[in-house]
Amino acid sequence: MPRAWRRGKPPISGWVQEQTEIVEDSLRKIPDTERLAAGIASLASITDPEQPYTRRPFTEFFQKGRQWLQGEMEAAGLKVRLDAAGNLVGWQAGRETLPPLMIGSHTDTVAGGGRFDGVIGIIGGVEVVRCFNEVGINLRHPLEGVEFLAEEPTDFGVSTVGSRGMVGALSPELLDKTNEQRPPLSEALTELGGCPEKVPNEVRQRGDIAAYLEMHIEQGPILDQEGIPLAAVTGIAGIRRFTVTIAGEPNHAGTTPMELRRDALVVASRFVIESELIFRSEEDSVGTVGYLQISPNMANVVPGLAELIVEMRSIDPGIIARIDERLRQKAAEIAEERGIPIRMDPLTDASPVQADPRLIEITTQACRQTDPRALVLPSGAGHDATQVGTIAPIGMIFVPSRSGISHNPAEWTDSEDIALGVQALARALVLADETF
Ligand code: HGY
Ligand code: MN
Ligand code: MN
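Source: prediction; values computed, not measured.

**Student:** Residues and numbers for the coordination of the manganese ion (ligand 3), please.
**Tutor:** The coordination sphere of the manganese ion (ligand 3), as far as protein atoms go, consists of H106 (NE2), D117 (OD) and H216 (NE2), spread over 2.0 to 2.2 Å. Of note, the manganese ion (ligand 3) draws all its donor residues from one chain, in the sequence arrangement H-x10-D-x98-H. In this model, the manganese ion (ligand 3) sits 3.7 Å from the manganese ion (ligand 2), the two metals being bridged by D117. Placement of the pair is H106 in the loop between β3 (101-105) and α4 (119-135) and D117 in the loop between β3 and α4, with a sequence separation of 11 residues.

**Student:** Give a description of the coordination of the manganese ion (ligand 2) that names residues and reports values.
**Tutor:** Within the protein, D117 (OD), E152 (OE) and H407 (NE2) serve as the donor atoms for the manganese ion (ligand 2), at 2.0 to 2.1 Å. For H407, a relative accessible area of 41% translates into the label partly exposed.

**Student:** Describe the site of ligand 1, listing the residues and the values that go with them.
**Tutor:** Around ligand 1 lies a shell formed by D117, E151, E152, Q219, R241, R313, A381, G382 and H407. E152 is positioned with one of its side-chain polar atoms (N or O) 2.8 Å from a nitrogen atom of ligand 1. The separation between an oxygen atom of ligand 1 and a polar main-chain atom of G382 is 2.7 Å. Protein coverage of the free-state accessible area of ligand 1, which is 210 Å², stands at 94%. Split into classes, the residues belonging to the shell around ligand 1 amount to 1 nonpolar, 3 polar and 5 charged.

**Student:** Can you break down the sheet that holds strand β7 (residues 238-247) residue by residue, with the values?
**Tutor:** The sheet built from 4 strands is open, its strands ordered β9-β11-β7-β12 with antiparallel pairing. Bordering the open sheet on either side are β9 (285-295) and β12 (342-350), each of which pairs with just one other strand. Across the sheet, the mean angle from the axis of one strand to that of its neighbour is 15°, orientation sign disregarded. Relative to strand β11 (residues 305-314), β7 runs antiparallel, the two sharing 10 bridges. When the bridges of β11 are listed, R240 appears paired with M312. Running at roughly 10° to β11, helix α9 (residues 264-281) makes contact with β7, β9, β11 and β12 of the sheet.

**Student:** I'd like a description of unusual backbone geometry, backed by residues and values.
**Tutor:** Across the junction of P52 and Y53, the peptide omega takes the value -5°, indicating a cis bond. Residue S295 is joined to P296 through a cis peptide bond whose omega torsion reads 10°. Tracing the sequence through the fold places P296 in the loop between β9 and β10 (301-302). The phi torsion at F58 lies on the positive side, around 75°, for a residue other than glycine. Secondary-structure assignment places F58 in the loop between α2 (33-45) and α3 (60-75). At A150, a position not held by glycine, the phi torsion is positive, near 50°. Among the structural elements, A150 can be located in the loop between β4 (143-147) and α5 (161-167). A150 gets classed as buried once you look at its relative accessible area, which sits at 0%.

**Student:** If you had to explain the confidence of the model for the protein to someone new, which residues and values would you point to?
**Tutor:** When pLDDT is low, close inspection of the predicted coordinates is not appropriate. For the protein, the average pLDDT comes to 95, and 95% of its residues sit at 70 or higher. Mean pLDDT across the secondary structure elements of the protein bottoms out at helix α1 (residues 24-27), with 90, and peaks at strand β2 (residues 88-92), with 99. Taken together, the stretch residues 1-11 has pLDDT below 50 and engages in 33 contacts with residues farther than four places along the chain or on a different chain.

**Student:** Quick one: what's the story with the nonpolar core, residue by residue and with numbers?
**Tutor:** Membership of the largest hydrophobic core comes to 54 residues, with the highest contact counts inside it found for F132 and L429. Broken down by secondary-structure element, the contributors of at least two residues to this core are α2, α3, β3, α4, β5 (211-217), α11 (357-370), β15 (394-399) and α13 (415-435). The element best represented in this core is α13, accounting for 11 residues. Excluding its chain neighbours within four sequence positions, the residues that come into contact with L429 are L101, I103, V128, F132, L139, L143 and L213.

**Student:** If you had to explain the pattern of salt bridges to someone new, which residues and values would you point to?
**Tutor:** Using the criterion set out here, one finds 27 salt bridges in the structure. The residue K330 makes a salt bridge to E333 at a minimum N-O spacing of 3.0 Å. Of this pair, K330 and E333 both sit in helix α10 (residues 317-338), 3 residues apart, roughly one helical turn. Given a relative accessible area of 42%, E333 falls into the partly exposed group. Each of R270, E274, K330, E333 and E337 takes part in one network of salt bridges that share partners.

**Student:** Residues and numbers for the packing of α11 against α13, please.
**Tutor:** Where α11 contacts α13, the axes come no closer than 8 Å and their chain directions differ by 135°. Put simply, α11 runs oblique to α13. Classified by chirality, the crossing of α13 by α11 is right-handed. Contact residues: R358, L359, I362, T363, Q365, A366, C367, Q369 and T370 in α11; L420, Q423, A424, R427, A428, L431, A432 and T435 in α13. Classifying every residue of the contact of α11 with α13 gives 9 nonpolar, 6 polar and 2 charged.

**Student:** Tell me what's going on with helix α7 (residues 185-192), and back it up with residues and numbers.
**Tutor:** The complete set of buried residues in α7 reads L185, S186, A188, L189 and L192. For α7, the angular spread of buried residues about the axis comes to 160°, placing them on one side. Residues of α7 that are buried make contact with α3, β1 (79-82), α5 and α6 (172-175). Looking at the residues trailing α7, positive phi occurs at G193, about 110°.

Here is what the cut-offs are and how they apply
- Residues numbered from 1 in each chain as written.
- Chains lettered and ligands numbered in written order.
- Predicted model: local features only at pLDDT ≥ 70, side-chain atom pairs only at ≥ 80, totals over all residues.
- Heavy atoms only, no water.
- Donors = N, O, S within 2.8 Å, 3.2 Å for Na, K, Ca; no water.
- Helix = DSSP H or I, 4+ residues; strand = E, 2+ residues; numbered from the N terminus.
- Buried < 20%, exposed > 50% of the residue type's maximum accessible area, 1.4 Å probe, protein only.
- Near = heavy atom within 4 Å.
- Polar contact = N/O pair within 3.5 Å; in protein donor to acceptor, adjacent residues only side chain to side chain.
- Areas by Shrake-Rupley, 256 points an atom, 1.4 Å probe, with all protein chains shown as cover.
- Nonpolar A, V, L, I, M, F, W, Y, C, P; charged D, E, K, R; others polar.
- Pairing = 2+ DSSP bridges.
- Axes fitted to C-alpha atoms, helices over the stretch in contact; angles between N-to-C directions.
- Contact = heavy atoms within 4.5 Å.
- pLDDT = per-residue confidence, 0-100.
- Core = buried A, V, L, I, M, F, W, Y, C linked by side-chain atoms within 4.5 Å.
- Salt bridge = Lys/Arg side-chain N within 4 Å of Asp/Glu carboxyl O.
- Parallel < 35°, antiparallel > 145°, perpendicular 65-115°, else oblique.
- Left-handed = near helix turned anticlockwise from the far one by under 90°.
- Arc of directions from axis to C-beta.

See the structure below:
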């Protein structure tokens, strides 16, 4: 994690101090830690058996996980539906007719992912609703609990599919994305029960969501290193991704002299190494080439085609723009030197998002009432909150990731820490209910 991302200012003013006192006794009883841990274990058991813990979106494992989650949402008192963008949306009325307070996250995983990324946000959110109903906390605002479709990069290259859809950022071009193994994203969405044609009709506008809160694992090392269980989040790094296509020429590996080869993999390798040098030379940012396909991918054929996905992330849009420019320049240099074209096509571009100042204050207060040592941090990982943040005030709460490991089956967060995150989320909702 780059230096300047580590800590924001902890902004606490007097006005949020007293609001939770009335319900403090009830809040202290939230959550039922055993029920919470059992829920997380149940969802973890619904996985691709070949590769725990994997629920890739649009697969049977993902759908089974959702069925289980729908049961939990209903048991918590939520009325559940699937929206046009494929989000599982639960609703509970409030005391007043107001736009809802929304809580959410995702249950899809990367291939070989962990048990907590996304999962604790939605299971924790459902636990809060259930506890509110059990202890008799009835908010002014309706509550909406959302399991967003496909937060992680899909096989179509698009991530945060459902949250994009909800805010009007799932363009026809994105819905048309395909790859060799799969029909377009729009078809996959239809099969799942969504309705691509109706996505524009259901787009939420500014004002439709009073405030959005998401609890998530940090996925980085800071809370674990500091031995502190909670953080309020100041903002979320932007992520820009490109597909990079390098078209060389397949040829016989035994007969083609070295100087006559047009080896796409060699050029791709140069691009990867040079990109890393650029990423390392920039502060407050990270970058990765995490996807590479070559063809024909045979031991005795000079690779003819390479396709990569490169991404760059920063909380500062200017840094993303600069890295983008430097990568393009470097790609042009390598292409020129090797006489093989390198094409960079924009794939997705999620701008950095700042948490709403009131929600930073609310989540900081909620976390500190739960544990006075709570930190205030930015997020290097992307979230559904990034998309929701384009139309609504957002805030997030982090709990620790052991050794900062995530997107890995070894991902771990202690149940006690998740329980603190849920309690902080409950407090934040009560504060937000008074504020928005
Ligand atoms: O890629 C991300 O940052 C997130 O984990 N989906
Ligand atoms: Mn993830
Ligand atoms: Mn996540």
